[in-house]
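Spelled out from the first residue to the last, the chains are:
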Amino acid sequence: MEKYNTSDKDDPKNQRLRQIAEKQASLMEVPDPSSLSPEDNIRIFHELQAHKIELEIQNEELRNTQEELEKSRVRYKKLYDFAPVGYVTLNEKGLIMECNLTVTTMLGINRMELINRPLSKFISPEHQGIYSLRRKALFETGRPQVCEILMLRQNNPPIWTQMEMTLGHDLKGNWVCLCGIIDINDRKEAEQKLQKINERLSVLHHIDRAILSAKSPESIVQAALDGLWKLVPCQRITVIQFDMKKNEALVLGSVVKGKSEVGKELRFPLTDIHLIDEFRHGKIRIYSDLLEYPKKKTQILNQLIAEGIRNVVNIPLMFKKEIIGTLNLGASVPGWFTDEHVAIAKEVAMQLAIALRQACLYDQLKQYSKELEYRVAQRTRQLEWANKMLEEFAYSVSHDLKTPLRAILGFTQIIARRYAKSLEKEARHYFENILEAATHMEELINDLLKYSKLGKNAISLIPVELSKLIEDVVSELANSGVTQGAEIIIDPDLPVVEGDVTLLRQIFINLIDNALKYRKKDTSHRVEIRAKRENKSALIEVRDNGIGIEPKYQEKIFNIFQRLHSQSAYPGTGIGLAIVKRAVHLMNGKVEIESTPGEGSIFRVKLKIARI
Amino acid sequence: MIKKGSILLVEDNPMDIELTLNAFEEIPLDYEIYVLKSGEEALDYLFGRKEFSDRQKYPLPDVVLLDIKLPGISGIDALKTIKTTPIFKRLPVIIFTSSQEKKDLIMGYDFGANSYLDKPVSFENFLTSIRTFAEYWLTQNIKPPLDTNKLE
């Protein structure tokens, strides 16, 4: 029998199998060995041997299969354990029946502590609801469920996962939940970061807009403070403006414990600010803990410490390399401000500086224009007053000067009329002198009145036929006798100009009267009135062959009271050409003179041709 | 000698008064001339107030020759009172002034002046003016009835 024993005879498993087999065999009906023939024995033995060999072959095959199975089981197990996805099998109660290594590393929890415990124990409180809802739905509907769940980790912040639950059953045929858990923490963090950046951008954008739409420095600071405080929550934020000229700092606004205050006009000397020169170069200063700041502290820093401020950030407000103030953050926790906080504050500071500068310039501009307006108004008032004075003066000339003159002239004439015969020759001569002087004075007053009256009445520019107007003027002059002994030639083709009839009459009466007056002795005097057309304007020339005017006087002759000749040589008031100039200007025209002494003068008046 | 009527000369400047009286003498004219040196006096005369209460002595004039620039009540104010008083509204009032200011012209005519004469500076022209005035207002012009009757 020895040789038929398998090598595994001592194997407890084989021994147990042997025992079971022997037991069962003992129950079987055993034939009486004496009834068996030797042939029978040989046959049975042979049978048994063949059977045994068959079994051994079968056993071998089974072992091989088992080995194969074991190999693939190990392979599968490795696959299962090291899969990039965590796998958890849950029973209907939600207890963890099985999980792979990925889950244990993901959560940082030993497999033994996971098995037989509810998965919900490892899910963050805010996601318990959604998790149980999904699990319930899975078992109720059998449809796969997917959700994003924040899972708790040992010694680590929670982790974002995506859970994919599908229905399956265990070996006993019970329903189980096969749950794949994917680590989406990076994606989620990136998403959150993006969202945070977006939020930050939108708040910054909001601050920008608020800053830019605000007009006064107060409203700009208010907008900046309100917006910044949302992004960088802390104990206090202040905006301080520097006035380098007055060597003064002005607190434009502050947010202390969420309460903002603007426009309180709190001032203190610039020297109170620690190391202000550092700010001038745009350097940001950060005290991560004021208590640990070794140097001697200023009053302001001590005050901040007294308020419980530990972490301080000062950001200079720079505009084109020039410092205009600081934006200051204070927190009660040392090291509270992150790089991101500082970056945000820096951005706000940049916008704030620009806006404050603009507001300042805008204010200045407003101030200037106000001043200018005031000065213009003042000047206008002065001019109006002066003008009124001038008008009143002209009026008093017309009345008050005329009255005594009338008396002088009147009584002189009465004497001349009634007592001329009884006067001596010399006395009569003096009386004639008085009369002559007074008459000249009357002319002066009348011309002055005409001059001051020019433009006092509304000017109406209408088409005026010059040929008719000049004809009238010449015949008027002829009536007064001044045309005597002179030849007057009038261009038959004078234009129709745009002008004021009264002003035009004044112009040509004076110009033609002038042209007739300054004659050379011993030559026949000639006055010509001609016109030239240039585009839309007409040049009216009044030309004479009289004595002419020296170049040095040509500009002066249009000034009021400017006379070049004695009263006895050529009488006049010196107002005529001033009237001409003023009248021409009132119609937006031009007057020029061209003259050669001894040959004559040409006066040219430029006027608009009327559109008909 | 009974005069044909009377003229009220309202003028404050003594020289102008003398010149005007001289001019009237030159014409010559058979009218009594009452000289009043202010707007108050002129109104007192017309309304028969104070020393002018005697109408026999100070009869209502045929025409008023009125200067504008007067001390106190101005010529324009006096004109306004005259023309808004029913019994005087038809009384011819001729403004006689050296002012040719537009505002004086407008006010003069708007408040009912019957004529507006310039006071010339030269005596020749002054005489002509006075002569023309007298000829027109005292000879040619038919005097208005000075009462409050209206057209039936």
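Residues numbered from 1 in each chain as written. Chains lettered and ligands numbered in written order. Predicted model: local features only at pLDDT ≥ 70, side-chain atom pairs only at ≥ 80, totals over all residues. Heavy atoms only, no water.

Counted under the stated rule, the structure contains 14 aromatic pairs over all chains. Measuring from ring centre to ring centre gives 6.0 Å for Tyr80 of chain A and Tyr87 of chain A, while their planes differ by 10 degrees; the resulting arrangement is stacked. Using a relative accessible area of 12% as the deciding quantity, one classes Tyr80 of chain A as buried. Each ring, one from Phe558 of chain A and one from Phe603 of chain A, has its centre 6.1 Å from the other, and the planes form 85 degrees; the classification is edge-to-face. Linking Phe558 of chain A in the loop between helix 14 (551–554) and helix 15 (576–586) with Phe603 of chain A in strand 18 (residues 600–608), this pair joins segments that are 45 residues apart in sequence. The pair Phe558 of chain A / Phe603 of chain A is uniform in exposure class, with both members buried. Put simply, the rings of Tyr34, Tyr45, Phe52 and Tyr58 of chain B pair up and form one aromatic cluster. The ring of Trp160 of chain A has Lys188 of chain A lying over it, and the distance from NZ or CZ to the ring centre is 4.6 Å. Its guanidinium or amino end placed over the ring of Phe111 of chain B, Lys80 of chain B lies 5.0 Å from that ring's centre, counting from NZ or CZ. (Phe/Tyr/Trp six-rings, centres within 6.5 Å; stacked < 30°, edge-to-face > 60°. Buried < 20%, exposed > 50% of the residue type's maximum accessible area, 1.4 Å probe, protein only. Helix = DSSP H or I, 4+ residues; strand = E, 2+ residues; numbered from the N terminus. Lys NZ or Arg CZ within 6 Å of the ring centre and 35° of its normal.)

Let us look at the packing of helix 1 (residues 14–26) of chain B against helix 5 (residues 123–140) of chain B. All names here are of chain B. Where helix 1 contacts helix 5, the two axes come as close as 9 Å, and the packing angle between them is 65 degrees. As helix 1 packs across helix 5, the resulting crossing turns out to be right-handed. For the pair formed by helix 1 and helix 5, the contact residues are Leu19, Thr20, Ala23, Phe24 and Glu26 on the first element and Phe123, Phe126, Leu127, Ile130 and Phe133 on the second. (Axes fitted to C-alpha atoms, helices over the stretch in contact; angles between N-to-C directions. Left-handed = near helix turned anticlockwise from the far one by under 90°. Contact = heavy atoms within 4.5 Å.)

On to the sheet that holds strand 15 (residues 525–534) of chain A. All names here are of chain A. The strand order across the open sheet formed by 5 strands is 13-15-16-18-17, and the pairing between neighbours is mixed. Each edge of the sheet is formed by a strand with only one pairing partner; in this case those strands are strand 13 (486–490) and strand 17 (590–596). When the angles between neighbouring strand axes are averaged without regard to direction, this sheet yields 15 degrees. Strand direction decides the pairing type here: strand 16 (residues 537–544) and strand 18, joined by 7 bridges, are antiparallel. Residue pairing across strands places Ser537 opposite Lys608, the latter belonging to strand 18. (Pairing = 2+ DSSP bridges.)

A side chain with one charge can pair with a side chain of the opposite charge if their charged atoms come near. Applying the stated criterion to the full structure yields 38 salt bridges over all chains. The closest approach of N and O atoms between Arg604 of chain A and Glu541 of chain A, which form a salt bridge, is 3.0 Å. Taken as a pair, Arg604 of chain A in strand 18 and Glu541 of chain A in strand 16 lie far apart in primary sequence, 63 residues in all. Residue Glu541 of chain A is classed as buried on the basis of its relative accessible area of 4%. Among the salt bridges present, the one from Asp104 of chain B reaches Lys69 of chain B, with a minimum N-O distance of 3.6 Å. Of this pair, Asp104 of chain B sits in helix 4 (residues 102–110) while Lys69 of chain B sits in the loop between strand 3 (63–66) and helix 3 (75–84), and the two are 35 residues apart along the sequence. The network of salt bridges with common partners includes Arg406 of chain A together with Glu11, Asp16, Asp67 and Lys119 of chain B. (Salt bridge = Lys/Arg side-chain N within 4 Å of Asp/Glu carboxyl O.)

What follows concerns unusual backbone geometry. The omega angle of the peptide bond from Ile27 of chain B to Pro28 of chain B is -25 degrees, so this bond is cis rather than trans. Of note, Asp522 of chain A is a non-glycine position whose phi angle comes to about 65 degrees, a positive value. In this model, Lys50 of chain B sits at a positive phi of 50 degrees, which is unusual for a non-glycine residue. Looking at where Lys50 of chain B falls in the secondary structure, it is placed in the loop between helix 2 (39–47) and strand 3.

Attention shifts here to the pairing of strand 2 (residues 31–36) of chain B. Pairing of strand 1 (residues 5–10) of chain B with strand 2 of chain B involves 6 bridges; the strand directions are parallel. Note on strand 2 of chain B: the bridge partner recorded for Val10 of chain B is Leu36 of chain B.

For the rest of this paragraph, the subject is the nonpolar core. Residue and element names in this part refer to chain A. Of all hydrophobic cores here, the largest spans 39 residues; its most connected members are Leu504, Ile507, Phe508 and Ile512. Among the elements of the structure, helix 12 (466–479), helix 13 (501–517), strand 15, strand 16, helix 15, strand 17 and strand 18 are those that each provide at least two residues to this core. For this core, the leading source of residues is helix 13, giving 8 residues. In contact with Ile512, not counting residues within four places along its chain, are Ile470, Val473, Val474, Leu477, Ile529 and Val542. Counting residues in hydrophobic clusters, the runner-up holds 36 residues, among them Leu204, Ile207, Leu317 and Ala359. (Core = buried A, V, L, I, M, F, W, Y, C linked by side-chain atoms within 4.5 Å.)

Right, let's get into the domain arrangement of chain A. Domain boundaries assigned for chain A yield domain 1 (2–78), domain 2 (82–183), domain 3 (197–366) and domain 4 (454–608). Once you take the C-alpha centre of each, domain 2 of chain A and domain 4 of chain A turn out to be 113 Å apart. (Domains from an automatic or database assignment.)

Residue and element names in this part refer to chain A. Contact geometry of helix 13 with helix 15 gives a least axis separation of 9 Å together with a crossing angle of 145 degrees. For the pair helix 13 and helix 15, the crossing hand works out as left-handed. Within the contact between the two elements, helix 13 uses Leu503, Gln506, Ile507, Asn510, Leu511 and Asn514 and helix 15 uses Gly576, Leu577, Ile579, Val580, Ala583, Val584 and Leu586. By residue class, the composition of the contact of helix 13 with helix 15 is 9 nonpolar, 4 polar and no charged. (Nonpolar A, V, L, I, M, F, W, Y, C, P; charged D, E, K, R; others polar.)

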